[in-house]
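Okay, here's what each chain looks like letter by letter:
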Amino acid sequence: MTAEERRNLQAFSDYVKRILDPTHILSYMNSWLGEDEVQYIQAEKNNKGPMEASSLFLKYLLQLKEEGWFRGFLDALNNAGYSGLYEAIANWNFQKIEKLEEYRALLKRLQPAFKDRIDPTCILPEMSDCIISQEYEEIMQVCSNKGIMAGAEKMAECLLRSDKENWPKTLKLALDNDNNSFSELWMVEKDAKDVEAEDLEEDDMGTSSIHIVYQEDPQLENLSQNSCTPAEVSRAKLCSQLKPRNYQLELALPAMKGKNTIICAPTGCGKTFVSLLICEHHLKTFPQGQKGKVVFFANHVPVYEQQKSVFSEYFERLGYSVAGIAGATVENVPVQQIVENNDIIVLTPQILVNNLKDGTIPSLSVFTLMIFDECHNTCKQHPYNKIMFYYLDQKLGGSSDPLPQVVGMTASVGVGDAKNTDEAVEYICKLCASLDASVIATVKENLEELQEIVYTPQKISRRVESRTTNGFKRIISQLMRETESLAKDVFEELENLSQIQNREFGTQKYEQWIVEVHKACRTFQLPDKDEESRICKALYLYTSHLRKYNDALIISEHAQMKDALNYLNNFFKDVRAAGFDETEQDLTRRFEGKVQELETISMDPSNENPKLKDLYLILQEEYHVNPETKTILFVKTRALVDAIKKWIEENSKLSFLKPGILTGRGKTSQTTGMTLPAQKCVLDAFRSNGDHNILIATSVADEGIDIAQCNLVILYEYVGNVIKMIQTRGRGRAKGSKCLLLTSNADVIEKENINMYKEKMMNESILRLQTCDEAKFKKKLLSIQTGEKIIRDNQQNFKPKLDKQNKKLLCAKCKALACYTSEIRMVKDSHYTVVGETFKKCFVTRPHPRPKSCGDFDKIGKIFCARQDCSHDWGIRAKVNAFEIPLIKIQSFVVEDTVTGKQMCPSKWKDFNFEKIPFNPEELSE
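What counts, and at which threshold
- Residues numbered from 1 in each chain as written.
- Predicted model: local features only at pLDDT ≥ 70, side-chain atom pairs only at ≥ 80, totals over all residues.
- Heavy atoms only, no water.
- Helix = DSSP H or I, 4+ residues; strand = E, 2+ residues; numbered from the N terminus.
- Areas by Shrake-Rupley, 256 points an atom, 1.4 Å probe, with all protein chains shown as cover.
- Pairing = 2+ DSSP bridges.
- Salt bridge = Lys/Arg side-chain N within 4 Å of Asp/Glu carboxyl O.
- Buried < 20%, exposed > 50% of the residue type's maximum accessible area, 1.4 Å probe, protein only.
- Phe/Tyr/Trp six-rings, centres within 6.5 Å; stacked < 30°, edge-to-face > 60°.
- Lys NZ or Arg CZ within 6 Å of the ring centre and 35° of its normal.
- Axes fitted to C-alpha atoms, helices over the stretch in contact; angles between N-to-C directions.
- Contact = heavy atoms within 4.5 Å.
- Parallel < 35°, antiparallel > 145°, perpendicular 65-115°, else oblique.
- Left-handed = near helix turned anticlockwise from the far one by under 90°.
- Nonpolar A, V, L, I, M, F, W, Y, C, P; charged D, E, K, R; others polar.
- UniProt positions renumbered as here; feature names shortened; annotations may be inferred.

**Considerations on the overall build of the protein chain**
- Per the secondary structure count, the protein chain includes 36 helices and 24 strands.
- Counting only carbon and sulfur atoms, one obtains 48% of the accessible surface of the protein chain, whose full area is about 42000 Å².

**Focus on the sheet that holds strand E16 (residues 824-827)**
- Taken in spatial order, the three strands line up as E17-E16-E24 in an open sheet, and their pairing is mixed. Here the strands that pair on one side only, and so sit at the sheet edges, are strand E17 (831-834) and strand E24 (917-918).
- One ladder, built from four bridges, connects E16 with E17; its direction is antiparallel. Across the sheet, residue Ile824 finds its bridge partner in E17, namely Val834.

**With respect to unusual backbone geometry**
- One non-glycine residue, Trp92, lies in positive phi territory at about 50 degrees.
- Even without being glycine, Glu374 reaches a positive phi, approximately 50 degrees.
- Mapped onto the elements, Glu374 comes out in the loop between strand E5 (369-373) and helix H20 (383-396).

**Section: the pattern of salt bridges**
- Using the criterion set out here, one finds 41 salt bridges in the structure.
- Between Asp393 and Lys789 there is a salt bridge; the shortest N-O distance is 3.1 Å. Placement of the pair is Asp393 in helix H20 and Lys789 in helix H34 (residues 774-797), with a sequence separation of 396 residues.
- Classification of Lys789 as buried rests on a relative accessible area of 17%.
- Connected through shared salt-bridge partners, Asp393, Lys789, Arg792 and Asp793 make up one network.

**Regarding the packing of aromatic side chains**
- Scanning the entire structure with this criterion turns up 33 aromatic pairs.
- With 4.8 Å between their ring centres and 35 degrees between their planes, Phe297 and Phe372 make a pair best called tilted. Here Phe297 is found in strand E2 (residues 294-297), whereas its partner Phe372 is found in strand E5, with 75 residues between them in sequence.
- One aromatic cluster in this structure is built from Phe12, Tyr15, Trp69, Phe70, Trp92 and Phe94.
- The side chain of Arg317 reaches across the aromatic face of Tyr314, ending 4.7 Å from its centre.
- Sitting above the plane of the Phe864 ring, Arg846 keeps its charged end 4.3 Å from the centroid.

**Side note on the sheet that holds strand E6 (residues 405-410)**
- The strand order E3-E4-E2-E5-E6-E1-E7 describes an open sheet built from seven strands, whose pairing is parallel. Where the open sheet ends on each side, the last strands, each with one partner, are strand E3 (322-325) and strand E7 (439-441). Neighbouring strand axes in the sheet, compared pairwise and without regard to direction, differ in orientation by 20 degrees on average.
- Taken together, the four bridges between E3 and strand E4 (residues 344-347) define a ladder with parallel strand orientation. Looking at E4, one finds that Ala323 is bridged to Ile345.
- Packing against the sheet, helix H15 (residues 246-256) makes contact with strand E1 (261-264), E6 and E7, and its axis sits at approximately 170 degrees to E1.
- Strands in contact with helix H16 (residues 271-284) are E1, E2, E4, E5 and E6; relative to E6, the strand with the most contacts, it is inclined by about 170 degrees.

**Looking at the side chain of Thr583**
- Relative to the elements of secondary structure, Thr583 occurs in helix H28 (residues 582-603).
- Apart from the residues within four sequence positions on either side, Thr583 is in contact with Leu541 and Tyr542.

**Some details on the packing of helix H21 (residues 421-434) against helix H33 (residues 746-770)**
- Running from N to C, H21 and H33 cross one another at 65 degrees; their axes reach a closest spacing of 9 Å. The angle between H21 and H33 falls in the class roughly perpendicular. Crossing of H21 over H33 shows right-handed handedness. Of the residues in H33, those in contact with Thr421, Asp422, Ala424, Val425, Ile428 and Cys429 of H21 are Met761, Met762, Glu764, Ser765, Ile766, Arg768 and Leu769.
- Among the residues making up the contact of H21 with H33, the classes are represented as eight nonpolar, two polar and three charged.

**Describing the UniProt feature "binding site: Zn(2+)" (unreviewed entry) in the protein chain**
- If you check UniProt for "binding site: Zn(2+)" (unreviewed entry), the listed places come out as Cys811, Cys814, Cys865 and Cys870 in our numbering. A maximum C-alpha distance of 9.1 Å among these annotated residues, which run over 60 residues, shows that they cluster at one spot.
- Mapped onto the elements, Cys811 comes out in strand E14 (residues 807-811).
- A relative accessible area of 0% means that Cys811 is categorised as buried.
- Beyond its immediate stretch of four places on either side in the chain, Cys811 contacts Ala816, Cys865, Cys870, His872, Trp874, Ser892 and Phe893.
- Mapped onto the secondary structure, Cys814 falls in the loop between E14 and strand E15 (817-820).
- Here Cys814 is in contact with Ser533, Lys537, Cys865, Arg867 and Cys870, once residues within four sequence places are set aside.

**A look at the packing of helix H26 (residues 529-558) against helix H27 (residues 561-577)**
- For the pair H26 and H27, interaxial distance at closest approach is 7 Å and the crossing angle is 160 degrees. Judged by the inter-axis angle, H26 sits roughly antiparallel to H27. Like other packed secondary-structure pairs, H26 and H27 cross with a definite hand, here right-handed. In this structure, H26 uses His545, Lys548, Tyr549, Asp551, Ala552, Ile555 and Ser556 to contact H27, whose residues at the interface are Met561, Asp563, Ala564, Tyr567, Leu568, Phe571, Phe572 and Val575.

What follows is the structure, encoded as structure tokens:
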């Protein structure tokens, strides 16, 4: 089992616990579990039930070290009849199981009627495929021994755990055939029509879907305290008569008057509800015979999912049609038709940018209202800003077509790099100009009411000490100096290597230096191409090892030394399993010569990290005072998320903590991110007051995704800009909550103090702009817009000449020739393959670690440089329609001019201005 599979099983454990009765698969797990463990699991089921037994089973499972247990677990599920759970875990896709959640919730509500009206002996034979055979026999036995009502209760319990996607419809058919009155209550949705949201992941091709339902509306907080599921709570909220608070009406008022508005209000005050008020008012104010059309933009797919759900629940009951498009779904749905046939469209912004660009959507005049969530992102080349470029071009171009009203929503407009209030005012004016917003709406008249609802947590900065002596850092630093020396010996003339001195190990700056060396290596040239290849490959290896050592020092600085050592051990294990040439063998020997000493140091209790001691004391104190404490612990990296979680789980004195993790979905050089269903599963568990009472998160949790109220936010060596500060602090919404910055670096505390000063400066600047004469303010915005348009037009008029000259693509690591640009073909506008027999000899294919179907693509393999001493990752092998073709990523190559020999390193295909010929399958047969 890979580390990623282990992490995935932990992330999806909540699904397993809800479905699996482990006693049904124990007989298939004899090779992996001892007799004592089997008896403990059976006792846990008898005493506490299948969910607790499943939790204990997973604990034993994840502790196994033997090879093959994961495959054994999958086989056990399959053999026992857990076909749905088997499929979900095998593909790490719980979408089908997630869709059953609303039927489970319905059955829970109807359980008393189910017990009263159902005779399992009449309908069970038709439902034998919906539950496993052992449960079928158990139900019939209960009916025989204890009676029909007890059997019905047992049947309901089994259906609530069923992993078969067809059980709700099969139950409906069985009830109808039996003429059972319960059929009237069992409403199974038919012919559901909706657009599912998908998201591009690794290699811009992976897809996933999530359905997050939430309300940040505070006036109905009490509903979240009951035992309903999040989906039920949301429906209860939206279907009841919502009454806006006075401060919410104050925020909505300028937009309701038709003004373009930026609404700036704290996290947790109900901005989503404000947008519903504005949208409803907008749609209802059109005269008879005319219709409004609203588009709501969500910057991230999880936010898109939750807002699409909220808008659908609220407006469909009022007779308005709502649809949404996100991610790769756009390839499978007619965007123009979706826009034309619906009153409200929820989008991720790049979809509209693409459709405006290709003319599918002729102009923004098709909309009457545009709402931008997290509108502070409207800058530079962000999709929000690109949408507004079309708006402003239409406005300033003298078009007679009507423009939509614009409303932006944010917790903080920010101040950029402003050093004083005047500069902050200018920054905010530019944001207003970008959104064509003449009003900034904040709460002023009803501030007291807002402060009663939205609690601003107490902010505390706490300076902690680092280790006074650090043998681990001493040894790793020595290995890094040796590796640097070896790199210099290979080719010291490389400019970036000459700047190696005065560089501090274990810092972000050192990481940046490594990136620069990699870039320099890729375009480094010598007359002797073999020597050039040897040098570049060696430097690439040396700096890659330096990066791992640097990462390990960062981990040991903020977590446990043994976590850093495990990180390095895993890296060198992967190195040995790959090409493992002479250079790597030498570097591995040097590391292995220090492993025993590093292990001794990392296991020495006197080397415990003082920061973790402080973190331990804080958590002990907070949970002792209030055992119901809920904490979000922000850290900088995914590696640190895993390390802190492991530290909590290994510390018996912190056994009262039940940690969950939340990281981003993007792929880094080390790991792939969490899938959207995994994120949702963790968030639901944190909200439910059950499975998790502390959430360890990266920056993914500080913007957009709504997280349940918590009373403790800890920033563990974590600081950003003023917007990030306001958003992370806003996660602590409960009364009496705290926001605590924990750091050993005085500069981090100083930066946070600067952010607090900038927040004050931002509020003063907004107040100054609100007191401006509106006509003068609009004039200022027009001046900014005109100036920006001139710059934009000049940039657009400059179009780089298309380079039709044939060029070489060389492996970025070893400089081996891969192909020529004349052999490259464009697949579906954004992916690239290579035709011809020559290229096939240049790469090798290995199974993809995460094969999956992605719309018209099936990822089936990874491709690597065929040179045994290189094996550089070149991309993927995919099945496109009926053809299996390689898809290459440009960042894996160096482009060389065949005439001048000049080399360049485009990071994206769009930066490479060569003649892009569409892929023609006929070329493969030729």
